[in-house]
Amino acid sequence: MTREIAEKDLDGLLNLYSQLHGEPVPEKGPELLALWKTILAEKRQHIIVAEENGRLVSSCVCTIIPNLTHGQRPYALIENVVTDEAHRNKGLATECLNHAKALAIKENCYKLMLLTGSKKESTHRFYQKAGYNSEDKTAFIQWLP
């Protein structure tokens, strides 16, 4: 089942994110909890999750960005696509991406973009199979301190 995240899902999301970048689960201190409340209140940011047996097993973030070009239609950006290692190759990330696409269509977005840091050909094929291409745009990233 895919759905938008709920406040109670923070622990499950943090566990997934620990697999995304190989980082430990952060401590749930006051700063993290304040950030969590800010994220939940942001109406243009959507954290989409797939769950099995009450446990979060896949997720992506879809952010709707207002825009003054293309007939003033917004666009959407996908980030933080992750599936629990024990639940991969079951179509769960595809379900999350499809949920994000439906949301972008509902919001009248003219495009949906996704960046990946993965160099794995299998990951690139997965995104291509999900309808994304790497021919139309070139991404440049500048990491900030």
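Residues numbered from 1 in each chain as written. Predicted model: local features only at pLDDT ≥ 70, side-chain atom pairs only at ≥ 80, totals over all residues. Heavy atoms only, no water.

Chemist: Would you mind showing me how to read the nonpolar core here?
Modeler: Here is a general trend for soluble globular proteins: nonpolar side chains tend to be buried in one another's company. Counting 20 residues, the largest nonpolar core has C60, C62, I78, V81, L97 and L114 as its most contacted members. When residues of this core are traced back to their parent elements, those giving at least two are β2 (45-52), β3 (55-65), β4 (75-83) and α3 (92-106). L10, L14, W36 and V82 belong to the second largest nonpolar core, which has twelve residues in total. (Core = buried A, V, L, I, M, F, W, Y, C linked by side-chain atoms within 4.5 Å. Buried < 20%, exposed > 50% of the residue type's maximum accessible area, 1.4 Å probe, protein only. Helix = DSSP H or I, 4+ residues; strand = E, 2+ residues; numbered from the N terminus.)

Chemist: Explanation requested: the layout of surface pockets in the structure shown.
Modeler: Reported here for the largest pocket is a volume of approximately 1,000 Å³. Residue lining of the largest pocket: 28 residues in total, with V81, T116, S118, T123 and Y127 positioned closest to the centre. Counting residues per element, the ones that place at least two in the lining of the largest pocket are α1 (10-21), β4, α3 and α4 (121-129). For the lining of the largest pocket, the leading source of residues is β4, giving five residues. Here the lining of the largest pocket is built from residues that sort into ten nonpolar, 13 polar and five charged. Reported here for the second largest pocket is a volume of approximately 790 Å³. Around the second largest pocket sit 24 residues that line it, and L114, L115, Y132, N133 and S134 are the ones nearest its centre. For the lining of the second largest pocket, the elements supplying multiple residues, two or more each, are α3, β5 (112-114) and α4. The class makeup of the residues in the lining of the second largest pocket is eleven nonpolar, nine polar and four charged. (1 Å grid on protein atoms, 1.4 Å probe; cavity = no way out; pocket = protein on both sides within 12 Å on 5 of 7 lines; lining within 4 Å. Points joined across faces, edges and corners; volume = space filled by probe spheres on them. Nonpolar A, V, L, I, M, F, W, Y, C, P; charged D, E, K, R; others polar.)

Chemist: What am I meant to see in the sheet that holds strand β1 (residues 2-4) here?
Modeler: Across the sheet, which stays open at both edges, the five strands sit in the order β1-β2-β3-β4-β5 with mixed pairing between neighbours. Every interior strand has two partners, whereas the edge strands, β1 and β5, have only one. Averaged over neighbouring strand pairs, the angle between their axes works out to 30° when direction is ignored. Across seven bridges, β3 lies against β4 in antiparallel orientation. Pairing of T63 across the sheet is with L77, part of β4. The sheet strands contacting α3 are β1, β2, β3, β4 and β5, and the helix crosses β3 at an angle near 25°. (Pairing = 2+ DSSP bridges. Axes fitted to C-alpha atoms, helices over the stretch in contact; angles between N-to-C directions. Contact = heavy atoms within 4.5 Å.)

Chemist: Can you help me understand the packing of aromatic side chains in this one?
Modeler: A ring pair, where both rings are aromatic, is described by two values, the distance of the centres and the angle of the planes. Counted by the stated rule, this structure contains two aromatic pairs. Measuring from centroid to centroid gives 6.4 Å for Y75 and Y110, while their planes differ by 75°, and the two rings are edge-to-face. Here the residue Y75 occupies a position in strand β4, and Y110 occupies one in the loop between α3 and β5, the gap between them amounting to 35 residues. A ring pair is formed by F126 and Y127, whose centres lie 5.2 Å apart and whose planes are at 55°; its orientation type is tilted. Directly above the ring of Y75 sits K111, whose terminal nitrogen or CZ lies 5.3 Å from the centroid. (Phe/Tyr/Trp six-rings, centres within 6.5 Å; stacked < 30°, edge-to-face > 60°. Lys NZ or Arg CZ within 6 Å of the ring centre and 35° of its normal.)

Chemist: What exactly am I supposed to notice about the pattern of salt bridges here?
Modeler: Opposite charge on two side chains permits them to pair, given that their charged atoms come into close proximity. Scanning all chains against the criterion turns up seven salt bridges. Residue E51 is joined to R3 by a salt bridge in which the shortest nitrogen-to-oxygen separation is 3.1 Å. Of the two residues, E51 is situated in strand β2 and R3 in strand β1; the sequence distance between them amounts to 48 residues. The same class applies to E51 and to R3, which are both buried. When salt bridges with common partners are traced through the structure, they connect R3, K8, D9 and E51 into a single cluster. (Salt bridge = Lys/Arg side-chain N within 4 Å of Asp/Glu carboxyl O.)

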